[in-house]
Amino acid sequence: GLYSIASMLVGEGEDSIRLVETAVTNAEVSDCAEPAEARRSSRRALTSAAIQLIASRDPASLSAPENLEPAATCIQDDDLDAAGVSREELESMIAGPDRDRVRRWLERLPTSMRTIFVLRAVAGFTSPETAELLAVNGGPQAAGWSADAVRELFRQGLCSLASQLIHAT
């Protein structure tokens, strides 16, 4: 699962493998920890390192938006179900026979929207958690991320996903 998240964020290959190794090394997991806590800690370690890598490649790619106006989109809520897809269906699409199509769609998204989509829909972080991850790890230009901005870009990503699904059927 960690490699899948890493590859959606930074692409397949050595960088993703290094991110998984970093996550395993840096995750705070005790012998008595609940599995859900261990999964969350490893995902946080992985996504923190991935955001740092993305920002090092292109510092402006994760810049916090200024004066972001809500877009008139087909989706009014920032919930995965609003796009007509359950978390289980998305996981099936990511790992199943539609994997390549979903990956191509993700690659076409702007970096900030792709990052937010993966953090929210795949890694399971909330909007405030995602904003914090971006602000803390995305460099000086990312310091202004807010939960509202994350919600808006995630909603736009959901609308893009819904459109993709409609065109695929």
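Residues numbered from 1 in each chain as written. Predicted model: local features only at pLDDT ≥ 70, side-chain atom pairs only at ≥ 80, totals over all residues. Heavy atoms only, no water.

**With respect to the overall build of the protein chain**
Here is step 1: What the protein chain contains, in helices and strands, is eight helices and zero strands.
Here is step 2: Counting the 169 residues in the protein chain, one finds 47% classified as buried.
Here is step 3: Intrachain contacts of the protein chain at a sequence separation of at least 6 include 71% that bridge at least 24 residues.
Here is step 4: If you sum the accessible surface of the protein chain, you get close to 8,700 Å²; carbon and sulfur atoms cover 49% of it. (Helix = DSSP H or I, 4+ residues; strand = E, 2+ residues; numbered from the N terminus. Buried < 20%, exposed > 50% of the residue type's maximum accessible area, 1.4 Å probe, protein only. Contact = heavy atoms within 4.5 Å. Areas by Shrake-Rupley, 256 points an atom, 1.4 Å probe, with all protein chains shown as cover.)

**A short note on the confidence of the model for the protein chain**
Here is step 1: Across the protein chain, the average pLDDT comes to 83, with 78% of residues at or above 70.
Here is step 2: Across the protein chain, helix 7 (residues 127-137) holds the top mean pLDDT of 97, while helix 4 (residues 87-95) sits lowest at 67. (pLDDT = per-residue confidence, 0-100.)

**Focus: helix 2 (residues 14-26)**
Here is step 1: Taking 1.5 Å as the rise per residue, helix 2 with 13 residues should run 18 Å; its terminal C-alpha atoms sit 18 Å apart, in good agreement.
Here is step 2: Buried within helix 2 we find Ser16, Leu19, Val20 and Ala23. Seen end-on, helix 2 carries its buried residues on one side only, within an arc spanning 100°. Across from the buried face of helix 2, at angles greater than 90 degrees, the exposed residues are Glu14 and Thr25.
Here is step 3: Contacts made by the buried residues of helix 2 are with helix 1 (2-10) and helix 3 (35-57). (Expected span 1.5 Å × (residues − 1). Arc of directions from axis to C-beta.)

**What about the pattern of salt bridges?**
Working definition: two side chains of opposite charge can pair if their charged atoms are close together.
Here is step 1: In the structure shown here, the tally under the stated rule is seven salt bridges.
Here is step 2: In this structure, the salt-bridge partner of Asp15 is Arg57, at a minimum N-O distance of 2.6 Å. Residue Asp15 is found in helix 2, and its partner Arg57 is found in helix 3; the two are separated by 42 residues along the sequence.
Here is step 3: Judged by relative accessible area, Asp15 falls into the partly exposed class, the value being 25%.
Here is step 4: When salt bridges that share partners are traced, they join Glu14, Asp15, Arg18 and Arg57 into one network. (Salt bridge = Lys/Arg side-chain N within 4 Å of Asp/Glu carboxyl O.)

**Points about the environment of Leu46**
Here is step 1: With respect to the helices and strands, Leu46 occurs in helix 3.
Here is step 2: For Leu46, a relative accessible area of 0% translates into the label buried.
Here is step 3: Sequence separation of Leu46 and Ser16 is 30 residues, and the distance between their C-alpha atoms is 9.3 Å.
Here is step 4: Leu46 has contacts with Leu2, Ile5, Ala6, Leu19, Val20 and Ala23, leaving out every residue within four places of it along the chain.

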